[in-house]
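Fold and contact review
Listed below, chain by chain, are the residues.
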Amino acid sequence: MVEAGSPQEPLVPVADGEQGELFPDSSLPDELVGYRGPAACQIAGITYRQLDYWARTKLVAPSIRTAHGSGSQRLYSFKDILVLKVVKRLLDTGVSLQNIRVAVDHLRLRGVRDLAKVTLFSDGTTVYECTSPEEIVDLLQGGQGVFGIAVSGAMQEISGTIHEFQAERADGGVIETVTPDEFTQRRNARRTG
């Protein structure tokens, strides 16, 4: 178990104003395909005001395209939206934005390659990263109340809804639209009533 931001592991430096990669592997969707701010907000369950603030303060900046002046659109990758969702969950449980920033920076700087195996725990003050059942047991043996956020659960939620939103390619290429099958159409009809 590693406490986010602990000096146990060396941190890789990142230049000022630059957001390091949180998911350096390419196992997720195309890095040129992204979603505009309003779609990212709906997918992650946050407000546009939160999205804008987090982008301006570099907590979660869009990795595909940043806004450059009036009228330009930010473009968020699948990975960015996952981080937005995790940040939202941590905020909802009462973790301070300062501690969330430390946790996000720690994950990004460690170069975590497979966040689907990570569960974040917090006692409301400190955020801990656990990657094995043994680490979870060690954390829980302290007897203090903690809550956990399985990153894989957030990833599955996003994967289940992201296809409902218009994506765009940063290079201007065309994204093929997939016609939903009959089962998907029936499920969507049931959802809307």
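Details of the structure are given in the entry above.
Please read these numbers as outputs of a predicted model, since none were measured by experiment.

Structurally, T57 can be placed in the loop between α2 (48-56) and β3 (75-76). Its relative accessible area of 25% is what places T57 among the partly exposed residues. Looking at T57, its side chain comes within polar contact range of the main-chain oxygen of Y53, at 2.9 Å.

Let us look at the packing of helix α1 (residues 37-44) against helix α3 (residues 78-92). At a minimum axis separation of 9 Å, α1 and α3 run at an interaxial angle of 50 degrees. Accordingly, the angle class assigned to the pair α1 and α3 is oblique. Between α1 and α3 the crossing geometry is right-handed. Facing α1, whose interface residues are A40, I43 and A44, α3 presents I81, L84, K85 and K88. A per-class count over the contact of α1 with α3 returns five nonpolar, no polar and two charged.

For the rest of this paragraph, the subject is the pairing of strand β5 (residues 127-130). Because side chains alternate across β5, one face comprises the buried residues V127 and E129, and the other comprises Y128 and C130, equally buried. Relative to β5, strand β4 (residues 119-122) is paired through four bridges, and the arrangement is antiparallel. Of the residues in β5, the one forming a bridge with L120 is E129. Counted between consecutive antiparallel strands, the loop separating β4 from β5 contains four residues, among which G124 sits at a positive phi close to 95 degrees.

Spatially, β3-β2-β7 is the arrangement adopted by the three strands of the open sheet, whose pairing is antiparallel. Looking at strand neighbours, the two that pair on one side only are β3 and β7 (168-169), the edges of this open sheet. In this structure, strand β2 (residues 33-36) lies alongside β7, joined through two bridges in antiparallel fashion. In the strand pairing of β7, V33 is matched with R169. The sheet contacts of α1 involve β2 and β3, and relative to β2 the element is tilted by about 90 degrees.

As for its placement among the helices and strands, S77 is situated in the loop between β3 and α3. Looking at S77, the relative accessible area reads 2%, which means it is buried. The residues touching S77, leaving out its near neighbours within four places in the chain, are E31, V33, S63 and I64.

Rules used throughout
- Residues numbered from 1 in each chain as written.
- Predicted model: local features only at pLDDT ≥ 70, side-chain atom pairs only at ≥ 80, totals over all residues.
- Heavy atoms only, no water.
- Helix = DSSP H or I, 4+ residues; strand = E, 2+ residues; numbered from the N terminus.
- Buried < 20%, exposed > 50% of the residue type's maximum accessible area, 1.4 Å probe, protein only.
- Polar contact = N/O pair within 3.5 Å; in protein donor to acceptor, adjacent residues only side chain to side chain.
- Axes fitted to C-alpha atoms, helices over the stretch in contact; angles between N-to-C directions.
- Parallel < 35°, antiparallel > 145°, perpendicular 65-115°, else oblique.
- Left-handed = near helix turned anticlockwise from the far one by under 90°.
- Contact = heavy atoms within 4.5 Å.
- Nonpolar A, V, L, I, M, F, W, Y, C, P; charged D, E, K, R; others polar.
- Pairing = 2+ DSSP bridges.

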